[in-house]
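Geometric and topological summary
These are the residues of each chain, in order.
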Amino acid sequence: IAHSPDSDDAFMHFAIGEGKVDTGDYEFDHVMADIETLNRHAVEGRHEVTAISIHAYAHLADRYALLNHGASMGEGYGPVLITREPRSREDLQSCPIAVPGDWTSAALALKLWMPEANTEVVPFDEIMEKIDCGDYQAGVIIHEGQVTYEQEGYFPVVDLGQWWAQSQNGLPLPLGGNAIRRDLGEQHIREISRILRESIAYALEHREEALQYAEKYNRGLTREQTDRFVGMYVNQRTLDYGDDGREAVCRFLRMGAGAGAVPEVSEP
């Protein structure tokens, strides 16, 4: 099972890693990498279960199925386009914008908000540094940067999750999901799905214990910030997309296909 090395994913998989849920006949090895690396690994089918960007699912739907749990959804918040000095959308039309991966949902959301955006890929944990040294005027931040950028002196141009909610009648912004290889077959998919869901449920029910584990992966956040960040992306929505969450995924992918940014896929 492959996932990002950050506190929200650690929180979700804590119960499996620490033997808190019965995994039956299955043994889980955890592989950690940034989300764009995992997107590319999925092209090869490298991992049986993997976190992927919802954007990437459009390229991977023939090989992977989305599980109904493990989603990261922005409920009126999400990746943020930031700058060092206050700037408007118009100011950035001719500037390259750093994004954390071509197949990230952050990159697709930016393209939907600003179709003319000129984007260049920068590792997610280097984007603020590249803005600081003047290599880029702006960049889209994900992960912990969403809760620290203001205190570090950056300015928001747009919160893409907020923009999406306002433009899509309050729908959450689909960002990441858990995907499973279709070739495992229905029985294994059902059993593995059940175990993974139980892990998320255990963490939500034993929050303090799971947070203590997740803090190992918090990349400089305080306990309060870790709690806030985990709460943003691991919640009841993570146990089940919900009808509106599933509609949000379909709409996000349809709009991406309509913009020519992703291939068309059947309903996930």
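Residues numbered from 1 in each chain as written. Predicted model: local features only at pLDDT ≥ 70, side-chain atom pairs only at ≥ 80, totals over all residues. Heavy atoms only, no water.

1. Some remarks on the overall build of the protein chain
This is how it is decided: A run of H or I in DSSP counts as a helix once it spans at least four residues, and a run of E counts as a strand once it spans at least two, with each numbered from the N terminus. The globule rule used for comparison is 2.2 Å times the number of residues to the exponent 0.38, while the radius of gyration itself is calculated over C-alpha atoms. Throughout this description, buried means an accessible area under 20% of the type-specific maximum (1.4 Å probe, protein chains only), exposed means over 50%, and partly exposed covers the range between. Contact definition: two residues touch when any of their heavy atoms are within 4.5 Å. The Shrake-Rupley method, run with a 1.4 Å probe, gives the accessible areas here. Residue values count only the displayed protein chains as cover. The sign given to each residue is positive for Lys and Arg and negative for Asp and Glu; His and the chain ends receive no count. Note on charges: their place is set at NZ of Lys, CZ of Arg, CG of Asp or CD of Glu.
Looking only at helices and strands, the protein chain features 12 helices and 11 strands. In summary, the protein chain has a C-alpha radius of gyration of 18 Å against a globular reference of 18 Å for 268 residues, a match within 12%. Projected onto its principal axes, the C-alpha positions of the protein chain cover 55 × 40 × 35 Å. Within the protein chain, buried positions represent 56% of all 268 residues. The contacts of the protein chain with a sequence gap of at least 6 include a subset with a gap of at least 24, amounting to 75%. When the accessible surface of the protein chain is split by element, carbon and sulfur atoms take 43% of a total near 11700 Å². Each charge class in the protein chain was averaged separately, 23 positive and 45 negative side chains, and the resulting centres sit 3 Å apart.

2. Section: helix α7 (residues 160-167)
Quick reminder of the rule: Each polar contact in these results corresponds to two N or O atoms within 3.5 Å; when the atoms are within protein, one needs to be able to donate a hydrogen and the other to accept it, and residues that are neighboring in sequence are counted only if both atoms are side-chain atoms.
For α7, the full list of buried residues reads L160, G161, W163, W164 and A165. Against the buried residues of α7 lie α4 (105-113), β9 (138-141), β10 (155-159), β11 (173-181) and α12 (242-258). For α7, the N-terminal cap is D159; the gap from its side-chain oxygen to the backbone nitrogen of G161 is 2.9 Å. Of the residues flanking the end of α7, it is N169, one or two places downstream, whose phi is positive at about 55 degrees.

3. Some points on the packing of helix α1 (residues 7-17) against helix α10 (residues 223-233)
Which entries qualify depends on this criterion: Interaxial angles span 0 to 180 degrees and are taken between N-to-C directions of axes, which are lines fitted to C-alpha atoms, for helices over the stretch in contact. Working rule for angles: under 35 degrees goes down as roughly parallel, over 145 as roughly antiparallel, 65 to 115 as roughly perpendicular, anything else as oblique. For this classification, Asp, Glu, Lys and Arg are treated as charged, while Ala, Val, Leu, Ile, Met, Phe, Trp, Tyr, Cys and Pro are nonpolar and the rest, including Gly, are polar.
As a packed pair, α1 and α10 sit with axes 9 Å apart at the nearest point and diverge in direction by 70 degrees. Classified by the interaxial angle, the pair formed by α1 and α10 is roughly perpendicular. Two secondary-structure elements touch here, α1 through S7, D8 and F11 and α10 through T226, F229, V230 and Y233. The residue inventory of the contact of α1 with α10, partitioned by class, reads 4 nonpolar, 2 polar and 1 charged.

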